[in-house]
Amino acid sequence: MQNPPELIDSHAHLDFPEFIDSIPATLDRARDSGVRTIITIGIDLPTSRIAADLAQRYDSIYATAGIHPHDAFIADGPALKELELIARGDRVVGIGEIGLDYFRNQKPRIIQQECLRQQLALACRIDKPAVFHIREAWEDFFGIIPEFVSSLPPSVMHCFSGDWEIARKCLDLGLYLSIPGVVTFPKADALQEVASRAPLDRLLVETDAPYLAPVPHRGKDNEPAFAAHTARKIAELRGIPLSELAEATTRNTRRVFRIKDAG
Ligand SMILES: [Zn+2]
Ligand SMILES: [Zn+2]
């Protein structure tokens, strides 16, 4: 059998109990389906620490550090210092996931906004890209981002969930769009439109594992190996070979997170 083309899962949560005790097996299954690099994401200080630690231990893992909008708080000096210390790690490639989530609304909007601003300032200060989680909060996001856009490195909209009009605005801001397994769902018309119309040099592929497993694993636990299903679907929507889609998204992910070619 031909080797599957190389992919990067730009967003997974390997600190979750589904993975943390079986990282080598998870990485083996990922590699078998072509996923040779995984970016594992922090959602608060403890998970950011674990993510950074996993990235130190495994060559195929990189990390991000950040406070998710569900866990948003106005960080005081020591918390911000600690986050910055983790985020400055050499295998920590971004600040995230950070953002606004008015769908779940687990924290007051004003707190979410302030926490986002604090972390955007951090991303600018240490010159690392942000990984955004934005749900039903586009207007406020597009209101806040111009304060930072001139010094923020090109960044990533993770698990993109908007329509083409919102995608257009994100692209105009220089953002990359990371497409989740949702694109394989039969009724995901808006996301399928985005995945087929966005410029190929701005697309990434992600799982958000253990959430959002793509077809044919929908409803079960997701894992990095399944990024291959998402990539295949996007290639099909665009009418290009999987190898071309894989090569482009892998190159894009390396560019935005400044990950060197494994060689
Ligand atoms: Zn998210
Ligand atoms: Zn996530």
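Worth saying up front: this structure is predicted, and the values here are computed from it rather than measured.

Student: Hey, could you run me through the overall build of the protein chain in this one?
Tutor: A tally of helices and strands in the protein chain yields 10 helices and eight strands. A compact globule built from 263 residues would reach a C-alpha radius of gyration of about 18 Å, and the protein chain, at 17 Å, matches this within 12%. Oriented by its inertia axes, the alpha-carbon framework of the protein chain measures out at about 55 × 40 × 35 Å. Among the 263 residues that make up the protein chain, the fraction classed as buried is 48%. In the protein chain, the share of contacts with a sequence separation of at least 24, taken over all contacts with a separation of at least 6, comes to 73%.

Student: Honestly, the packing of helix α8 (residues 189-197) against helix α9 (residues 227-238) in this entry has me stumped. Any pointers?
Tutor: Relative placement of two packed helices is described by the angle separating their axes and the distance separating the axes. Axis separation between α8 and α9 bottoms out at 8 Å; the angle between their running directions is 75°. What the angle tells us is that α8 and α9 run roughly perpendicular. Note on element contacts: α9 touches α8 through I234, L237 and R238, opposite Q192, A195 and S196. When its residues are assigned to classes, the contact of α8 with α9 shows three nonpolar, two polar and one charged.

Student: Where do I start with unusual backbone geometry in this structure?
Tutor: In the segment running from G96 into E97, the intervening peptide bond is cis, with an omega of 5°. Cis geometry marks the peptide bond from A209 to P210; its omega dihedral reads 10°. Mapping P210 onto the fold places it in the loop between β8 (203-205) and α9. A positive phi angle is found at N105, which is not glycine, with a value near 50°. Mapped onto the fold, N105 is located in the loop between β4 (92-101) and α5 (109-126). Taking the number of C-beta atoms within 10 Å as the measure of exposure, N105 has 15 and is therefore partly exposed. Positioned with a positive phi, D208 is a non-glycine residue whose angle comes to about 60°.

Student: Help me out: how do you make sense of the pairing of β4 in this one?
Tutor: Every regular strand shows the same layout, with side chains that alternate between the two sheet faces. Taken across its 10 residues, β4 has 10 buried, putting it largely inside the fold. Bridge analysis of strand β3 (residues 61-65) against β4 gives three bridges, and the strand direction is parallel. Pairing of A65 across the sheet is with I95, part of β4. When β4 meets strand β5 (residues 130-135), the two strands line up parallel, connected through six bridges. Looking at the pairing, I98 lines up with F132 of β5.

Student: What's the story with the environment of N252 in this structure? I'm lost.
Tutor: Positionally, N252 belongs in helix α10 (residues 242-257). With 47 residues separating them in the primary sequence, N252 and V205 have C-alpha atoms 9.8 Å apart.

Student: Help me out: how do you make sense of the sheet that holds β3 in this one?
Tutor: Picture the strands of a sheet paired through backbone hydrogen bonds; they go either parallel or antiparallel. One open sheet holds the eight strands; their spatial order is β1-β2-β3-β4-β5-β6-β7-β8, and the pairing between them is parallel. Of all the strands in the sheet, the pair left with one neighbour each is β1 (7-12) and β8.

Student: Sorry if this is basic, but what is going on with helix α4 (residues 77-87) here?
Tutor: In an α-helix, one turn spans 3.6 residues, which is why side chains three or four residues apart end up on the same side. Among all positions in α4, only L83, I86 and A87 are buried. Seen from one end, α4 has its buried residues packed into an arc of 95°, which puts them on one side. Seen from the buried face of α4, the exposed residues on the opposite side, beyond 90 degrees, are G77, P78 and K81. Next to the buried residues of α4 lie α3 (45-57), β3, β4 and α5.

Student: When you look at the nonpolar core in this model, what are you seeing that I'm missing?
Tutor: Across soluble globular proteins, you tend to see nonpolar side chains buried next to one another. Counting residues in hydrophobic clusters, the biggest one holds 76 residues, and the most contacted among them are A63, A65, M157, L177, I179 and A231. In this view, I179 contacts F160, A195, L203, L204, V205, T230 and I234; residues no more than four positions away in its chain are not counted.

Student: Looking at this structure, how should I read the environment of R218?
Tutor: In this structure, R218 sits in the loop between β8 and α9. Along the chain, R218 and T184 lie 34 residues apart, while their C-alpha atoms are 9.1 Å from each other. Every residue in contact with R218, bar those within four places of it in the chain, is listed here: F185 and A213.

Student: I tried to follow the pairing of strand β7 (residues 176-179) on my own but got confused; where do I start?
Tutor: Burial along β7 is two-sided: Y176 and S178 facing one way and L177 and I179 facing the other are all buried. One ladder, built from two bridges, connects strand β6 (residues 156-157) with β7; its direction is parallel. Opposite V156, over in β7, you have Y176 as the bridge partner. In this fold, the crossover linking β6 to β7 by way of helix α7 (residues 164-172) has right-handed handedness. By the bridge criterion, three bridges tie β7 to β8 in an arrangement that is parallel. Its bridge partner lying in β8, S178 is registered against L204. Crossover handedness for the path β7 to α8 to β8: right-handed.

About the criteria used
Residues numbered from 1 in each chain as written. Chains lettered and ligands numbered in written order. Predicted model: local features only at pLDDT ≥ 70, side-chain atom pairs only at ≥ 80, totals over all residues. Helix = DSSP H or I, 4+ residues; strand = E, 2+ residues; numbered from the N terminus. Rg over C-alpha atoms; globule rule 2.2 N^0.38 Å. Buried ≥ 20, exposed ≤ 12 C-beta atoms within 10 Å, placed from the backbone. Contact = placed C-beta atoms within 7 Å. Axes fitted to C-alpha atoms, helices over the stretch in contact; angles between N-to-C directions. Parallel < 35°, antiparallel > 145°, perpendicular 65-115°, else oblique. Nonpolar A, V, L, I, M, F, W, Y, C, P; charged D, E, K, R; others polar. Pairing = 2+ DSSP bridges. Arc of directions from axis to C-beta. Core = buried A, V, L, I, M, F, W, Y, C linked by C-beta atoms within 7 Å. Right-handed = clockwise from strand over helix to strand, strands pointing away.

Coordinates in, geometry out; function isn't part of it.
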